[in-house]
Amino acid sequence: MSATPSGGPRARVTTTDLLTMKAEGAPIVALTAYDTPGARLADAAGVDVILVGDSLGMTVLGYESTLPVTMDDMVRATAAVSRGVSRALVVADMPFGSYQAGEDEAVRNAVRLLAEGGAHAVKLEGGEAVAGLVARLVTAGIPVMAHTGLTPQSVNVFGGYRVQGRDTAGALALVRDCRALEAAGAFSVVLELVPAELAELVSEELDIPTIGIGAGAGCDGQVQVFHDILGIGSFVPRHAKRFADMGSAITAAISAYAEEVRAGGFPGEEQSSHLDEDVLAELEQALPFTGDGE
Ligand code: KIV
C-alpha cells in the first residue's frame, strides 16, 4: 500500500469507485503500462486505471498490430504491472484469439489474467455480439471493461484505423452496442476513435463510465498509451499528445554513457570496488604476474 500526501494509506481504486466518479463528474484517468517500472510511475502519478493493453504488441514487442499478441504475453506483462501497482485498478486486455473461439475458453483465459496476472478486471473488444460473453464473465466473477468504436483487433475488417460511427446508421449501431454492453454488466466502456459529439451522447446515455481515446472531451474518462504521452514511440497518433519527450532524453543519456565508456571516464572510482591490500599482495604472489604487460 502506498501513501497519500498526508501520509495515510491510499485505498485501491475499485470498479464501483469508477461509477461513483462518473456520478460525481470526476474525470477518470487511465493509462497503459506493460512492466513493473512503468506501472510504478503511473501509479505514483495517481492514475486511476492502469490498462495492460494489447498495444504492448506495438509499443514493446515491435509488431505492426495487436494481432500476434498471445495470452502468455498478456499474463507475463499483467503480472509485472500488478507487482508495481498499489492503488490503481489493473485491467488486462484479452488478446486476439483468446475469446473468439468460445465462451468456455474465454472464461479460462480471463481467469488466467486475474489468477496468474493479478488483474482486477479484463477488457475485451466488440459490441452487441460480445454482450453474451460479457454477461458470462461477469457471472463468473470477472469484471469486464468493454471496448467499442474502432476495435484494433478487427483492423482487417475495418480496413484501417478509421474513425467509427460517422454516419447515422453507424452512430445508432454504436449506441446499441454500448447499451447492450452496459445491460450485460460491463463496468465501463472504452470508446476508441469515435466523433466527439457521438461519444458525448453515449456518455450521457449510459450509467457506466465511458473512457475515451480519440473520442473527444465529453467522455467520463480518458485512456492513453504510455509510450505516446511520454514520447517514446516512433510516432504520435493524432488522438495523443506528447506530455514529455522522454525518447530524446533517453537517447541523450545513452549517448553520454557510450561517450564516457569510449573516453575511459566510466566507470570511475565511485562505481568501483577494490581488493584489500593484503589480498592483493597474496594474489600477486600466487599468480605469475609479470607486471610488464607480457
Ligand atoms: O491496447 C490498448 O492500449 C488499448 C487502448 C488503446 C484502449 O486497448
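Fair warning: this is a prediction, and the values are worked out from it, not measured in the lab. (Residues numbered from 1 in each chain as written. Predicted model: local features only at pLDDT ≥ 70, side-chain atom pairs only at ≥ 80, totals over all residues. Heavy atoms only, no water.)

A. Summary view of the overall build of the protein chain. When helices and strands are counted, the protein chain shows twelve helices and eight strands. Here the C-alpha radius of gyration of the protein chain, 24 Å, is well above what a compact globule of 294 residues would show, namely 19 Å. Once the C-alpha set of the protein chain is aligned to its principal axes, its extents read approximately 85 × 45 × 35 Å. Within the protein chain, the proportion of its 294 residues that are buried is 45%. Look at the contacts in the protein chain between residues 6 or more apart in sequence, and 58% of them connect residues 24 or more apart. Carbon and sulfur atoms form 55% of the exposed surface of the protein chain, whose accessible area is close to 15,300 Å². Considering the protein chain, the positive charge centre built from 19 side chains and the negative charge centre built from 39 side chains are found 10 Å apart. (Helix = DSSP H or I, 4+ residues; strand = E, 2+ residues; numbered from the N terminus. Rg over C-alpha atoms; globule rule 2.2 N^0.38 Å. Buried < 20%, exposed > 50% of the residue type's maximum accessible area, 1.4 Å probe, protein only. Contact = heavy atoms within 4.5 Å. Areas by Shrake-Rupley, 256 points an atom, 1.4 Å probe, with all protein chains shown as cover. Lys, Arg positive; Asp, Glu negative; His and termini not counted. Charge placed at Lys NZ, Arg CZ, Asp CG, Glu CD.)

B. Structural detail: the pattern of salt bridges. This model, assessed by the stated rule, comprises eight salt bridges. Residues Arg179 and Glu205 are paired through a salt bridge, measuring 2.5 Å at the closest nitrogen-oxygen approach. On the criterion of sequence distance, the pair formed by Arg179 in helix 8 (residues 168–184) and Glu205 in helix 9 (residues 196–205) is long-range, its members being 26 residues apart. Take Glu205: its relative accessible area is 38%, and that puts it in the partly exposed class. One network of salt bridges, with partners in common, ties together Asp72, Arg112 and Glu116. (Salt bridge = Lys/Arg side-chain N within 4 Å of Asp/Glu carboxyl O.)

C. Seen up close, the nonpolar core. Ranked by size, the top nonpolar core spans 57 residues in total, and within it Leu124 and Leu191 carry the most contacts. It is helix 8 that provides the largest number of residues to this core, a total of seven residues. Look past the residues within four positions of Leu124 in its chain and what remains in contact with it is Met94, Tyr99, Val130, Leu133, Val134, Leu137, Val144, Met145, Ala146 and His147. Leu18, Ile28, Leu51 and Val223 belong to the second-largest nonpolar core, a separate cluster that totals 16 residues. (Core = buried A, V, L, I, M, F, W, Y, C linked by side-chain atoms within 4.5 Å.)

D. Broad picture of the environment of Val85. Topologically, Val85 is positioned in the loop between helix 4 (71–84) and strand 3 (89–93). You can call Val85 buried: its relative accessible area is 7%. A C-alpha to C-alpha distance of 6.0 Å links Val85 and Ala39, two positions 46 residues apart in sequence. Here Val85 is in contact with Arg12, Ala39, Asp43, Ile50 and Val90, once residues within four sequence places are set aside.

E. Representation of a negative patch on the surface in the model. A surface patch of negative charge is lined by Asp276, Glu277, Asp278 and Glu282. Counting through the fold element by element, Asp276 comes out in the loop between helix 11 (246–263) and helix 12 (277–286). (Patch = residues over 30% accessible without salt bridge, like charges linked within 9 Å, V, L, I, M, F, W, Y side chains within 5 Å.)

Read these as geometric descriptors, not functional statements.
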